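# Structure at a glance
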Amino acid sequence: FTFILDQACLNESLIALGQKLNISVDLSQDIRHLKQHRIHMTARERLANDTLYEFVRRKFRRDIELYEWAKSQSIVDCSKLDNPK
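Rules used throughout
Numbering of residues starts from 1 in each chain and follows the order in which that chain's sequence is written. Thresholds applied to this predicted model are a pLDDT of at least 70 for local features of residues and 80 or more for the giving and counting of side-chain atom pairs; totals over whole chains, interfaces and linings are not thresholded and use all residues. Side-chain numbers here rest on the full set of heavy atoms in the structure, without hydrogens or water. Here a salt bridge means any side-chain nitrogen of Lys or Arg lying within 4 Å of a carboxyl oxygen belonging to Asp or Glu. Burial here depends on accessible area, computed with a 1.4 Å probe over protein chains only, as a share of the maximum for the residue type. Under 20% is buried, over 50% is exposed, and the range in between is partly exposed. Counting rule for disulfides: a pair of cysteine sulfur atoms within 2.5 Å. Under the scheme used here, helices are H or I runs from DSSP no shorter than 4 residues and strands are E runs no shorter than 2 residues, and both carry numbers assigned from the N terminus.

## Points about the pattern of salt bridges
Throughout the structure, instances matching the rule amount to 6 salt bridges. Between D50 and R44 there is a salt bridge, and its shortest N-O distance comes to 2.9 Å. Overall, R44 belongs to the partly exposed group, its relative accessible area being 34%. Members of the salt-bridge network, linked through shared partners, are R44, D50, E54 and R57.

## Points about the state of the cysteines
Throughout the structure, instances matching the rule amount to 1 disulfide. Between the sulfur of C9 and that of C78 lies a disulfide, 1.8 Å long from S to S. Looking down the S-S bond of the C9 and C78 bridge, the torsion is -70°, so its handedness is left-handed. A residue pair is termed long-range when its members are at least 10 positions apart, and C9 in the segment before α1 (10-21) and C78 in the segment after α5 (61-73) qualify at 69 residues. The pair formed by C9 and C78 is uniform in burial state, with each residue classed as buried.

See below:
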């Protein structure tokens with residue numbers, strides 16, 4: 001079996017995984033070294049060039065599709081959380 005965790009809501013995903021496996025997850029000890037998730041600029045904003053952005057998007061289309069599929073299969077749907085981290 002495989003569990004997919006979305007790093008956008010890693011804490012919630014780890015808790016859900018622990019519940020599925022019937023184990024206790026103490027986030028204060030396990031991932032205390034990780035920085036709190038920050039919202040970054042979009043790829044388009046970082047590139048600041050629409051032509052380059054469209055080229056990169058086409059070039060990595062399959063990778064983007066795989067990423068989107070993996071997010072849809074994640075143990076927690078981060079987009080449905082009230083306060084995503």
